[in-house]
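If you want the building blocks of each chain, they are given just below.
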Amino acid sequence: MPTQDIAAYRDPLDLLHRFVPTPLNASFQLDCATIILQTNDLSFFPSTETAPEVPASSRVQNQPPPSCLWKIIRDVNVSQDLAEPSTIISDDLIVYSMGPACIIAADRTRRELLAFIGASVDARAYQLTILPTLYRLTEFVTRSAVAKVAYADRPPAAGDHCNA
Amino acid sequence: MTKLHLINRAVLPLRADLLVAGAHCALATNSQQVVNALSNWNFGSVPRSDRTFDLDIFVDAELSHSTDFKTQTHFRGLHHLVFATIGSHEVFAFDLARRRVTGAVSAVTAQDADFWISHWLPITIGVMGTTIGVIPLHSACLDRDGRGLLLAGVSGAGKSTLSVALARRGFSLVSDDWTYITREGDASTGASAATKGGSAGLTAHGLSAPVKLLPDATNHFPELSARTPKMWFNGELAFELRAEEITHTPVKTVSQPHWLFFLERTAAPGCDFHSVSAADIREFFETGAERLPACLPATTAARSRTIDALANCRAWRVRSGETPSATAQAVAHFCEKN
């Protein structure tokens, strides 16, 4: 298990775990953005199998893609399993939650994805469930206002419930 | 099934302006029950100011409800954002940069006045307050004739039990755990309250939150033995009571800081008072304060300015090996002379 090497985090002045060290850094390319990854868990590094191919034709010619920070914390203090997703969209902010085991915020103004992933989320669940969400949210934060509407108006998946 | 909530003011037609601990909370919601639950804090129409934050609450009747929000609420934060999940589906996002709180809750939560007034509003002010010049201070506060007594100390020092004992000796309880300090001139203006001398310009606010007493409080307040302590957000086991239930006096919501005491328990009998320097006051509150992210430098600076102003208060270290009742008697007597 990749999380076994990560010590539980205790800081009485940081009850929200804002300052969990993220010593592992990487940069990689998606079609819509250059991702700058900061994390405390190697298992969040993309592999060639999971990172999507970059279709050069999809980029605007002569324009480098924007950068986007992914700060992903392995939250070893959280042992719950993934719950059903719940998403709130408020202007330039999306918060995607699957209970305490997965909380992702996407801030378009700051081009940031900030995430806490619980200890019980294994590599398979990360790749099948969370990584696609990170890709979608990256599109939200890096594309124009049209993308925001598109995200909100996208056809919900079968069974999805939306108030909009 | 994914729950997708597009939350903006167009889908939140109901409005209320709440004045809470010196903060202006501009509430927007789609639920009259939420407005009703928070009606005690409703002050009609309040203009926006540097002390305003938005509170956008969307109530989804199809959301499932967590049966015990105190043990199933989970907080995390990164950069300018703080998240709270309640159970599996109810979610809040506190955006400290945009001064906005957004949440989706169930219909059951929406109508739970105790949830909003005793718990969620204090939490919200605790998280958002620093960004709008309402500084949470880990101290109790009592009032006598408009003069405030702030009671600080490390966790477990006995602040709450001494607060209750003082409230039974003629003081009015403002808060037993967290007090919210505002400063005239406010953080956003950069005005220095220190130039005013003393604690001039500071106001201490309480939120009428429940009093929290640790299980050993039964030694001092025998009537508690008929109650069962409950688990709190921080995992601590404690009795939860409305302040009036245990103090038998009306609570106040505001006072002007006049005395500042740092409570220390000792094994030795007696109760003595030693003055505390401004530097020690500053160090106590700065080193004990929640760490704030680097992306909010103005917030951190505003908190420091308020602590600087507080450091001008006359302050004493109280070392007591006595019961809360005897310590309260000594403190009350000391206050009469100072």
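Residues numbered from 1 in each chain as written. Chains lettered and ligands numbered in written order. Predicted model: local features only at pLDDT ≥ 70, side-chain atom pairs only at ≥ 80, totals over all residues.

Chemist: What exactly am I supposed to notice about the sheet that holds strand β2 (residues 14-20) of chain B here?
Modeler: Strand pairing within a sheet occurs via backbone hydrogen bonds; the two strands may be parallel or antiparallel. Residues and elements named next belong to chain B. The mixed open sheet is built from seven strands, whose spatial order is β2-β3-β4-β8-β7-β6-β5. Edge strands, defined here as strands with exactly one partner in the open sheet, are β2 and β5 (73-78). Along the sheet, successive strands turn relative to each other by an average axial angle of 15°, direction set aside. In this sheet, strand β3 (residues 23-29) lies alongside β2 in antiparallel orientation, the contact comprising seven bridges. Of the residues in β3, the one forming a bridge with R15 is A28. (Pairing = 2+ DSSP bridges. Helix = DSSP H or I, 4+ residues; strand = E, 2+ residues; numbered from the N terminus. Axes fitted to C-alpha atoms, helices over the stretch in contact; angles between N-to-C directions.)

Chemist: Please explain the interface of chain A and chain B as it appears in this structure.
Modeler: Counting from both sides, the interface comprises 35 residues of chain A and, opposite them, 33 residues of chain B. Contributing elements (two or more residues each) for the side of chain A that touches chain B: β4 (86-90), β5 (93-97), β6 (102-107), β7 (112-118) and β8 (161-162) of chain A. Among the elements that take part in the side of chain A that touches chain B, β4(A) stands out by supplying five residues, more than any other. For the side of chain A that touches chain B, the residue count by class is 19 nonpolar, nine polar and seven charged. Pairing between β4(A) and strand β1 (residues 3-6) of chain B: four bridges, direction parallel. (Contact = placed C-beta atoms within 7 Å. Nonpolar A, V, L, I, M, F, W, Y, C, P; charged D, E, K, R; others polar.)

Chemist: Where do I start with the nonpolar core in this structure?
Modeler: Buried together is how nonpolar side chains tend to be arranged in soluble globular proteins. Counting residues in hydrophobic clusters, the biggest one holds 134 residues, and the most contacted among them are I104(A), L113(A) and A93(B). A per-element tally of this core places helix α3 (residues 113-128) of chain B first, with eight residues. Both of domain 1 (14-132) and domain 2 (135-337) of chain B provide at least three residues apiece to this core. If sequence neighbours within four positions are ignored, A93(B) has contacts with I88(A), L93(A), V95(A), A105(A), L81(B), F83(B) and T102(B). (Core = buried A, V, L, I, M, F, W, Y, C linked by C-beta atoms within 7 Å. Buried ≥ 20, exposed ≤ 12 C-beta atoms within 10 Å, placed from the backbone. Domains from an automatic or database assignment.)

Chemist: I'm lost on the pairing of strand β13 (residues 179-183) of chain B in this one. Help?
Modeler: Both faces of the sheet carry side chains from a regular strand, because those side chains alternate between them. Residue and element names in this part refer to chain B. Of all five residues that make up β13, five are buried, and the element is covered over most of its length. Pairing analysis gives three bridges linking strand β9 (residues 135-137) to β13, with the strands arranged antiparallel. By the bridge assignment, L137 is partnered in β13 with T179. For β13 and strand β14 (residues 202-205), the ladder comprises four bridges, and the chain directions are antiparallel. Considered in β14, the bridge of Y180 is made with H205.

Chemist: Is there a simple way to explain the packing of helix α7 (residues 278-287) of chain B against helix α8 (residues 297-310) of chain B in this structure?
Modeler: For any two helices packed against each other, one specifies the inter-axial angle together with the distance between the axes. Residues and elements named next belong to chain B. Packing of α7 against α8 brings their axes to within 9 Å, and their N-to-C directions diverge by 145°. Of the two possible hands of crossing, α7 and α8 adopt the one that is right-handed. Contacts between α7 and α8 involve I281, R282, F285 and E286 on the former and, on the latter, S304, I307, D308 and L310. Considering only residue class, the contact of α7 with α8 consists of four nonpolar, one polar and three charged. (Left-handed = near helix turned anticlockwise from the far one by under 90°.)

Chemist: Looking at this model, I keep getting lost on the environment of V127(B). Mind explaining?
Modeler: All names here are of chain B. Tracing the chain through its elements places V127 in helix α3. Given 21 C-beta atoms within 10 Å, V127 falls into the buried group. The sequence separation of V127 and R242 amounts to 115 residues, and the corresponding C-alpha distance is 23 Å. If sequence neighbours within four positions are ignored, V127 has contacts with V82 and F94.

Chemist: It is not clear to me how the domain arrangement of chain B should be interpreted in this structure. Could you clarify?
Modeler: The parts lose accessible area when they come together, and the size of an interface is often stated as this lost area. Residues and elements named next belong to chain B. When the domains of chain B are assigned, the result is domain 1 (14-132) and domain 2 (135-337). Placing the centre of domain 1 and that of domain 2 at their C-alpha centroids yields a distance of 25 Å. Counting residues per element, the side of domain 1 that touches domain 2 draws most heavily on α3, which supplies five residues. Looking at the side of domain 1 that touches domain 2 residue by residue, the classes come out as six nonpolar, 10 polar and two charged.

Chemist: For this particular structure, what's the right way to read unusual backbone geometry?
Modeler: Phi is mostly negative for residues that are not glycine, and the peptide bonds are mostly trans. Even without glycine at this site, H17(A) takes up a positive phi of about 65°. Within the secondary structure, H17(A) is located in the segment before β1 (24-29). At H248(B), a residue that is not glycine, the phi angle is positive and equals roughly 60°. Position of H248(B) among the secondary structure elements: in the loop between α6 (243-247) and β18 (254-265).

Chemist: What am I meant to see in the confidence of the model for chain A here?
Modeler: Detail in the predicted coordinates should be disregarded across regions flagged by low pLDDT. Residues and elements named next belong to chain A. Summing up the model confidence of chain A, the mean pLDDT is 83 and the portion of residues at 70 or higher is 75%. The least confident element of chain A is helix α2 (residues 145-153), whose mean pLDDT is 47; the most confident is β7, at 98. In the model, residues 53-58 has pLDDT below 50 throughout and makes five contacts with residues more than four positions away in sequence or in other chains. Confidence over residues 145-150 falls short of pLDDT 50; this stretch has four contacts with residues more than four positions distant or in other chains. (pLDDT = per-residue confidence, 0-100.)

Chemist: Sorry if this is basic, but what is going on with helix α9 (residues 324-337) of chain B here?
Modeler: Three- or four-residue spacings in an α-helix give side chains the same orientation, since the helix completes a turn every 3.6 residues. Residue and element names in this part refer to chain B. The first and last C-alpha atoms of α9 sit 20 Å apart over 14 residues, in line with the 20 Å expected at 1.5 Å per residue. What α9 keeps buried is the set P324, T327, A328 and V331. Looking straight down α9, one finds its buried side chains confined to an arc of 100°; they lie on one side. Facing away from the buried side of α9 by more than 90 degrees, the exposed set consists of H333, E336 and K337. Elements that come into contact with the buried residues of α9 comprise α4 (159-167), β18, β19 (271-275) and β20 (314-320). (Expected span 1.5 Å × (residues − 1). Arc of directions from axis to C-beta.)

Chemist: I'm lost on the sheet that holds strand β15 (residues 211-213) of chain B in this one. Help?
Modeler: Pairing is antiparallel in the open sheet, where three strands are placed in the order β15-β17-β16 (chain B). Of all strands in the sheet, those bounded by a partner on one side alone are β15 and β16 (230-231) of chain B.

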